[in-house]
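Structural overview
Each chain is listed here by its residues.
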Amino acid sequence: MYRSLVYPILSTLEPERAHGLALKSLRAAQATPGGLAILRCFAGPKDPRLEVRAFGMTFANPLGAAAGLDKNADAVAALMALGFGCVEVGTVTPRPQPGNGKPRVWRLPEAAALINSLGFPSNGAAAVKERLAGKRFNGILGVNLGKNKDTPAEKAPEDYAAVFDALKDEMRYAVVNVSSPNTPGLRSLQSRRALLDILAAVDAVNRKLAKPRSVLVKLAPDLDDAQLDEALAGALEGGASGLVISNTTLDRSVLKDQFPDRPGGLSGAPLRDKSLAMLRKVRGKVGKRLPLIGVGGIATAEDAIARMKAGASLVQLYTSFVYGGPGLPGQVVRGIYEFVKTEKLRSVEDIIGAQA
Ligand SMILES: Cc1cc2nc3c(=O)[nH]c(=O)nc-3n(C[C@H](O)[C@H](O)[C@H](O)COP(=O)(O)O)c2cc1C
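Scope of this entry: the structure provided in the associated data block. (Residues numbered from 1 in each chain as written. Predicted model: local features only at pLDDT ≥ 70, side-chain atom pairs only at ≥ 80, totals over all residues.)

1. Thoughts on the sheet that holds strand β13 (residues 312–317)
In spatial order, the strands read β3-β4-β7-β8-β9-β10-β12-β13; together these eight strands close into a barrel with parallel pairing. Sheet twist, expressed as the average angle between the axes of neighbouring strands with direction ignored, equals 25°. Here six bridges tie strand β4 (residues 86–92) to strand β7 (residues 140–145), and the two strands are oriented parallel to one another. Across the sheet, the residue bridging to Gly 90 is Asn 144, located in β7. (Pairing = 2+ DSSP bridges. Helix = DSSP H or I, 4+ residues; strand = E, 2+ residues; numbered from the N terminus. Axes fitted to C-alpha atoms, helices over the stretch in contact; angles between N-to-C directions.)

So this is what it looks like as structure tokens:
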């Protein structure tokens, strides 16, 4: 119904407005008595065989909502009701900021892709905290940490630590985002030295907690081998708990057809193979020392399973949700469940790294 009825209407709206409307509807549903129960009709099965233990916690299933989908934590309960085992809100910046000028999101429906140059529009850490304070969720909440555009690179560690500090009580894990292409200079923070400084600043807050949070690092798929080695050294030496592979790409060679070029990061189907290849490469370099979350072009259970076999403990998606609608997370989880049953697996965890 979404694909034949709702998407055709949403697609007549400017992409960012359509996304805002979809989030508003989810927010309204979660605020309405019985609303979450209706959304749960879309979700996939719950089964202990779908559970994944990673980063010191148990995820009900391996599928998460990727950062950017719910930047300001408007619809966390609703997204979890739709079947995501985990929602990574953000990127959250310390102070509110508007992001780049519009238009800044473009659909490429023929390619099942999006291009965005949002540049971290964020309500800011205090507003996100207020929205989340005291709420309990039926799933795991991660927070993607970012820096304000006008914060110079040398002060970046303070920004990441500030967002972490503001939201430490709400989050189960944090992701240091140094890989969005739309904030000038952000990707240069993937160097070993910069990552060490950021992770040290976050850790100074984290180590004071009774139960320190897992802190992951999200990388770009456009790093060359030397840059990747630098980033991995920074993450390992800085004590990161894991990696998110990957953010959007600036590479347009992955697009098979010609599209009018737009500035920003490309996501969705054309990113799939590139992101999978990077995950496999990272797994080859770090082994099991850093658990991985695989993201980029995942749209089906087969995509999710392939990513896990290549070494991902968990997977996330964003762009396929835009095209697939509210039934998509349930569909993916259902497909993984069928696979687990058919293969007579004790747990979906058994496939992690099986073909790394
Ligand atoms: C419109 C849009 C906004 C995004 N915003 C963020 C963000 O704020 N922080 C972040 O780490 N990643 C962000 N991403 C990247 C996604 O989290 C994900 O890494 C990427 O889109 C690849 O996954 P996909 O192909 O399933 O969309 C964004 C992606 C899109 C399409």
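2. What about helix α7 (residues 192–206)?
Its 15 residues give α7 an end-to-end C-alpha distance of 20 Å, which sits within 8% of 21 Å, the value for a rise of 1.5 Å per residue. On the buried face of α7, the contacting elements are α6 (156–167), β8 (173–177), β9 (214–219) and α8 (225–237). (Expected span 1.5 Å × (residues − 1). Contact = placed C-beta atoms within 7 Å.)

3. A word on the sheet that holds strand β5 (residues 105–108)
The pairing of strands in a sheet happens through backbone hydrogen bonds and is either parallel or antiparallel. The strand order across the open sheet built from three strands is β5-β6-β11, with neighbouring strands paired in antiparallel fashion. With partners counted over all chains shown, the strands left at the sheet margins are β5 and β11 (265–268), one partner each. Put simply, the sheet's adjacent strands are angled 20° from each other on average, direction ignored. As paired elements, β5 and strand β6 (residues 113–116) share four bridges and run antiparallel to each other. Across the sheet, residue Trp 106 finds its bridge partner in β6, namely Ile 115.

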